[in-house]
Amino acid sequence: MEQTAMERLHLASQMSLKLYKQPLLLTDSGGKDSAVICKLAENAGIPFEICHSHTTADAPETVYHVRKRAKEYEEKGIKYTIILPTYQGKRTSMWDLIPKKLMPPTRIARYCCAVLKETAGKDRFVVTGVRWAESTKRATTSGALEVQNSDRKKKLILNNDNEEDRQLFENCQMKGKRVCNPIIDWTDRDVWDYLTDQKVEVNPLYNEGFCRVGCVGCPVARKNRYAEFARYPAYQRNYIRAFERMLEARKASGKANDMRWGTGEDVFHWWMEDGVLPGQVNIWEDYENALD
Ligand code: SF4
C-alpha cells in the first residue's frame with residue numbers, strides 16, 4: 001500500500017512540476033491522515049511544500065502540534081505555511097463569520113469550511129489525506145486522482161491505478177485544481193500501522209481518546225460535541241456570544257425569527273440538537289454549575 005501511495009505521489013509530483021511549475025502542496029490539518037501523507041512524501045523523495053489552514057476553532061493541542069510540525073519541517077528545509085483565514089479581504093474567525101453569515105454552521109451548510117479551511121491550493125496540485133473510510137459521501141465523490149471543476153458534473157475522478165487511467169489523467173486538458181489522494185483506499189488500521197511503523201509523532205489528542213481532531217464544536221461531530229465542549233468550555237462561550245451577535249445582525253437585517261430564538265443560548269441548544277427549546281431551563285446545567 002505504501003508503494004502504491006508513493007507511486008501516486010510520484011505521478012502527481014511530475015504533473016505538478018510540468019503543469020503548474022511548482023512542487024506539490026500537501027494540506028496538513030494536524031490529524032493522523034495528514035501525518036501519513038507528509039511522511040509518505042518524505043519517503044518518496046519528491047519535492048513538496050505543506051500548508052495548514054488555521055480555522056480559529058481548532059483545539060489548542062492541535063494548534064501547538066501544528067506549530068511544532070511547521071518548525072520541524074522548516075528545519076528540514078521544507079516550506080510549511082500556516083494560513084490565517086480571511087473573509088471579504090479582512091482577517092476573520094469562526095466567531096466573526098457566524099454573525100456575518102446570519103446563521104450557525106450546520107452539517108448541510110458548512111460555510112465555515114469554505115472560508116476557514118478550503119482556500120489553500122488555488123492554481124496548485126494539492127495532496128490531501130482524504131480516505132473513503134472516512135465517510136460514505138467521499139466513497140462516491142473522491143478518487144486517488146481528481147481534476148476539480150466548478151461544474152461538478154465535469155469533475156474527473158480516477159479510482160484505479162492502471163496504466164489506462166493514469167494516461168487519461170496525465171493527458172487530460174481540463175482546467176481546474178488537481179488533487180491527489182494517495183491514501184484514498186487506506187483503512188484506519190492501515191493509517192495507524194503506518195504511523196507506528198514510521199514512528200511519526202501524532203496529535204496528542206489521539207492519545208486521550210479523541211477519534212477526530214478538527215474544529216471544536218464542528219457540526220459534523222454531532223454528539224461528540226458534548227465531550228468537546230466539556231473539555232473546552234471557553235469555546236462554548238465563544239459560540240454562544242457569536243450566536244448573540246448573529247441574532248442582533250439578523251434583527252438589524254430584518255430576518256424573520258421563525259425559530260423563536262431569544263438568546264444565544266437558545267441558538268446553542270438548537271444547534272446542539274439537545275431538545276431544549278427557547279424559554280426552557282436546562283436544570284442539569286444549573287445543577288452542574290451549582291456543583292462547581
Ligand atoms: S467546524 Fe467543521 S465544517 Fe466548519 S470549518 Fe471546522 S471542520 Fe469545517
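Our subject is the structure listed above.
Here is what the cut-offs are and how they apply
- Residues numbered from 1 in each chain as written.
- Predicted model: local features only at pLDDT ≥ 70, side-chain atom pairs only at ≥ 80, totals over all residues.
- Helix = DSSP H or I, 4+ residues; strand = E, 2+ residues; numbered from the N terminus.
- Rg over C-alpha atoms; globule rule 2.2 N^0.38 Å.
- Buried ≥ 20, exposed ≤ 12 C-beta atoms within 10 Å, placed from the backbone.
- Contact = placed C-beta atoms within 7 Å.
- Near = placed C-beta within 6 Å.
- Nonpolar A, V, L, I, M, F, W, Y, C, P; charged D, E, K, R; others polar.
- Expected span 1.5 Å × (residues − 1).
- Arc of directions from axis to C-beta.
- Pairing = 2+ DSSP bridges.
- Axes fitted to C-alpha atoms, helices over the stretch in contact; angles between N-to-C directions.
- Right-handed = clockwise from strand over helix to strand, strands pointing away.
- Parallel < 35°, antiparallel > 145°, perpendicular 65-115°, else oblique.

**Focus: the overall build of the protein chain**
Right, so step 1: Counting its secondary structure elements, the protein chain contains 12 helices and 9 strands.
Right, so step 2: Scaling as 2.2 N^0.38, a compact globule of 292 residues should have a C-alpha radius of gyration of about 19 Å, and the protein chain matches this with 21 Å.
Right, so step 3: Dimensions along the principal axes, computed over C-alpha positions, put the protein chain at roughly 65 × 40 × 35 Å.
Right, so step 4: When the 292 residues of the protein chain are sorted by exposure, 30% land in the buried category.
Right, so step 5: In the protein chain, the proportion of contacts linking residues at least 24 apart, taken out of those at least 6 apart, comes to 69%.

**Some details on the site of the ligand**
Right, so step 1: Close to the ligand lie Thr55, Ala57, Pro105, Arg110, Cys112, Cys113, Leu116, Lys117, Gly214, Cys215, Cys218 and Val220, which account for all nearby residues.
Right, so step 2: Considering only residue class, the shell around the ligand consists of 8 nonpolar, 2 polar and 2 charged.

**Considering helix H3 (residues 60–75)**
Right, so step 1: For H3, built from 16 residues, the straight-helix expectation of 22 Å at 1.5 Å per residue is met to within 8% by its first-to-last C-alpha distance of 23 Å.
Right, so step 2: Taken as a whole, H3 has its buried residues at Thr62, His65, Val66 and Arg69. Down the axis of H3, the sector holding all buried residues measures 100°, keeping them to one side. Across from the buried face of H3, at angles greater than 90 degrees, the exposed residues are Pro60, Lys68, Lys71 and Glu75.
Right, so step 3: At its buried positions, H3 is contacted by strand E2 (48–53) and strand E3 (80–83).

**Some points on the sheet that holds strand E9 (residues 178–180)**
Right, so step 1: The strand order across the open sheet formed by 7 strands is E3-E2-E1-E6-E9-E7-E8, and the pairing between neighbours is mixed. Sheet topology places E3 and strand E8 (156–158) at the edges, where each strand pairs with a single neighbour. With strand direction ignored, the average angle separating the axes of adjacent strands in the sheet is 20°.
Right, so step 2: Of the strands in this sheet, strand E1 (24–27), strand E6 (125–127), strand E7 (145–147) and E9 touch helix H1 (residues 2–20), which is tilted by about 155° from E6.
Right, so step 3: Of the strands in this sheet, E1, E2 and E6 are in contact with helix H2 (residues 32–44), which crosses E1 at around 150°.

**Points about the pairing of E3**
Right, so step 1: With 4 bridges connecting them, E2 and E3 associate as parallel partners. Counterpart to Ile50 in the pairing with E3 is Tyr80.
Right, so step 2: Taken together, E2, H3 and E3 constitute a β-α-β crossover, and its handedness is right-handed.

**Re the packing of H1 against H2**
Right, so step 1: At a minimum axis separation of 10 Å, H1 and H2 run at an interaxial angle of 75°. It follows that H1 is roughly perpendicular to H2 by the angle criterion. Facing Glu2, Ala5, Met6, Leu9 and His10 of H1, the residues of H2 in contact are Leu40, Ala41, Asn43 and Ala44.
Right, so step 2: Residue composition of the contact of H1 with H2, grouped by class: 6 nonpolar, 2 polar and 1 charged.

**Points about helix H11 (residues 264–272)**
Right, so step 1: What H11 keeps buried is the set Gly264, Asp266, Val267, Phe268 and His269.
Right, so step 2: For H11, the elements touching its buried residues are helix H10 (233–252).
Right, so step 3: Where H11 terminates, the next one or two residues include Glu273, which has phi positive at roughly 55°.

**Describing unusual backbone geometry**
Right, so step 1: Even without being a glycine, Thr56 presents a positive backbone phi close to 75°.
Right, so step 2: The residue Thr56 is located in the loop between E2 and H3 in this model.
Right, so step 3: Accessibility expressed as a C-beta count within 10 Å gives 19 for Thr56, which makes it partly exposed.
Right, so step 4: We note that Lys199 has phi near 55°; this positive angle belongs to a residue other than glycine.
Right, so step 5: With respect to the helices and strands, Lys199 occurs in the loop between helix H8 (188–197) and helix H9 (224–231).

**A look at the pairing of E1**
Right, so step 1: Both faces of E1 are covered, namely the face carrying Leu24 and Leu26 and the face carrying Leu25 and Thr27.
Right, so step 2: Pairing of E1 with E2 involves 4 bridges; the strand directions are parallel. Bridge pairing links Leu24 to Phe48 in E2.
Right, so step 3: Handedness of the crossover joining E1 and E2 through H2 is recorded here as right-handed.

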